[in-house]
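# Notes for the structure review
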Amino acid sequence: MTTTSTDVDVVLPCLDEAEALPWVLGRIPAGWRALVVDNGSTDGSPDIARALGATVVHEPRRGFGAACHAGLTAATGDIVCFCDCDASLDPALLEPFVWQVREGAADLVLGRRRPQGRGAWPAHARAGNLALARMLRRRTGLRLHDLGPLRAARREALLALDLTDRRSGYPLQMVVRAADAGWRITERDVPYRPRTGASKVTGTWRGTWQAVRDMSRVLAEAPAEGRFVR
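Everything quoted here is computed from the prediction, not taken from an experiment.

The rules behind each value
- Residues numbered from 1 in each chain as written.
- Predicted model: local features only at pLDDT ≥ 70, side-chain atom pairs only at ≥ 80, totals over all residues.
- Heavy atoms only, no water.
- Pairing = 2+ DSSP bridges.
- Helix = DSSP H or I, 4+ residues; strand = E, 2+ residues; numbered from the N terminus.
- Phe/Tyr/Trp six-rings, centres within 6.5 Å; stacked < 30°, edge-to-face > 60°.
- Lys NZ or Arg CZ within 6 Å of the ring centre and 35° of its normal.
- Core = buried A, V, L, I, M, F, W, Y, C linked by side-chain atoms within 4.5 Å.
- Buried < 20%, exposed > 50% of the residue type's maximum accessible area, 1.4 Å probe, protein only.
- Contact = heavy atoms within 4.5 Å.
- Axes fitted to C-alpha atoms, helices over the stretch in contact; angles between N-to-C directions.
- 1 Å grid on protein atoms, 1.4 Å probe; cavity = no way out; pocket = protein on both sides within 12 Å on 5 of 7 lines; lining within 4 Å.
- Points joined across faces, edges and corners; volume = space filled by probe spheres on them.
- Nonpolar A, V, L, I, M, F, W, Y, C, P; charged D, E, K, R; others polar.

Before going further, it helps to examine the pairing of strand β6 (residues 151–154). Where strand β4 (residues 79–82) meets β6, 4 bridges bridge the pair, whose relative direction is antiparallel. Each residue of the ladder has a partner; that of I79, found in β6, is R154. For strand β5 (residues 108–115) and β6, the ladder comprises 3 bridges, and the chain directions are antiparallel. Of the residues in β6, the one forming a bridge with V109 is A152.

Structure (structure tokens):
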């Protein structure tokens with residue numbers, strides 16, 4: 001299934017991913033635009049990304065959500081995708097995601113990570129993700145299994161969600177507010193490889209706990225009526 005088009009932007013939050021960038025950018029589907037959002041790298045990542053043909057966006061405010069949202073606001077394509085920049089996920093797998101959104105089969109498509117290889121998904125990170133998925137089910141009724149970063153949706157609809165989290169809760173807030181807005185949200189299985197380099201969030205128990213705390217705060221938000229569009 002091919003979805004080659006210039007109306008798709010892929011947001012790639014980046015913090016010291018010089019080693020992974022060549023592989024990740026080499027897997028972006030032809031005709032799509034890669035937006036590498038540099039979040040304060042010191043390893044030359046922005047220069048590498050630029051040399052490989054990516055558009056580089058600088059976001060000085062640290063935080064995964066800050067980087068993702070900077071990419072979203074810089075995007076111009078009708079459809080925006082998100083993917084980690086550490087080579088744990090293959091952006092080429094986003095093609096069927098985009099097809100589902102473009103054809104109206106879904107409003108938000110999420111990647112359900114399936115670990116491939118030892119160390120791809122540490123036990124503490126997997127446990128935190130499972131706990132959050134259960135809390136999300138209680139909050140929204142969505143029977144999702146993963147809150148992973150690989151996803152696709154229409155840009156204008158995403159902007160209308162008025163996302164405010166700028167830390168680890170950003171991906172979850174997107175799902176919660178989309179659910180409150182009545183979006184059709186689906187999952188697709190995707191292989192999840194051992195990342196290149198050290199994890200900034202889920203590589204330690206402390207990082208995982210911080211992410212869970214950020215996301216728990218998002219789940220405590222009361223639904224806002226009359227704010228969203230689909």
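So, next bit.
This next bit is on the packing of aromatic side chains. Aromatic rings considered in pairs are described by the distance between their centres and by the relative angle of their planes. Counted by the stated rule, this structure contains 0 aromatic pairs. R193 extends its terminal NZ or CZ atom over the ring of W23, reaching a point 4.3 Å from the ring centre.

So, about the nonpolar core. Ranked by size, the top nonpolar core spans 34 residues in total, and within it L108, L158, W183 and I185 carry the most contacts. Going through the elements one at a time, β2 (33–38), α3 (64–74), β4, β5, α5 (123–140), α6 (155–160), α7 (170–180) and α8 (205–219) are the ones with two or more residues in this core. When residues in this core are grouped by element, the largest group, 6 residues, is from α7. When neighbours within four sequence positions are excluded, L158 is seen to be in contact with L72, V80, F82, A153, M174 and W183. Grouped together as the second largest cluster of nonpolar side chains are 31 residues, W32, A54, I79 and A87 included.

Our next topic: the sheet that holds β2. Spatial ordering of the open sheet is given by β3-β2-β1-β4-β6-β5-β7, a layout of 7 strands whose pairing is mixed. Among the strands making up the open sheet, the edge pair consists of β3 (55–58) and β7 (185–192). Taken pair by pair, the neighbouring strands of this sheet meet at an average axis angle of 20°, ignoring direction. Across the face of the sheet, helix α4 (residues 95–102) comes into contact with β1 (8–14), β4, β5, β6 and β7 while running at roughly 25° to β6. Sitting on the sheet, α7 touches β4, β5, β6 and β7, and the angle it makes with β5 is about 135°.

On to the environment of A74. Turning to its location among the elements, A74 is positioned in helix α3. Note on A74: relative accessible area 28%, which makes it partly exposed. In the structure, A74 is positioned 17 residues away from V57 in sequence and 7.6 Å away in space, judged by C-alpha atoms. The contacts of A74, once residues within four sequence positions are left out, are R33, L35 and V57.

With that out of the way, let us pick up empty space enclosed by the protein. Taken as a whole and assessed by the stated rule, the structure comprises 1 cavity of 30 Å³ or more. Looking at the largest cavity, its volume works out to about 50 Å³. P13, F64, C68, F82, C83, D84, P149, R151, Y170, P171 and M174 together form the lining of the largest cavity. Looking at the lining of the largest cavity, the elements with two or more residues in it are α3 and α7. In terms of residue class, the lining of the largest cavity is built from 9 nonpolar, no polar and 2 charged.

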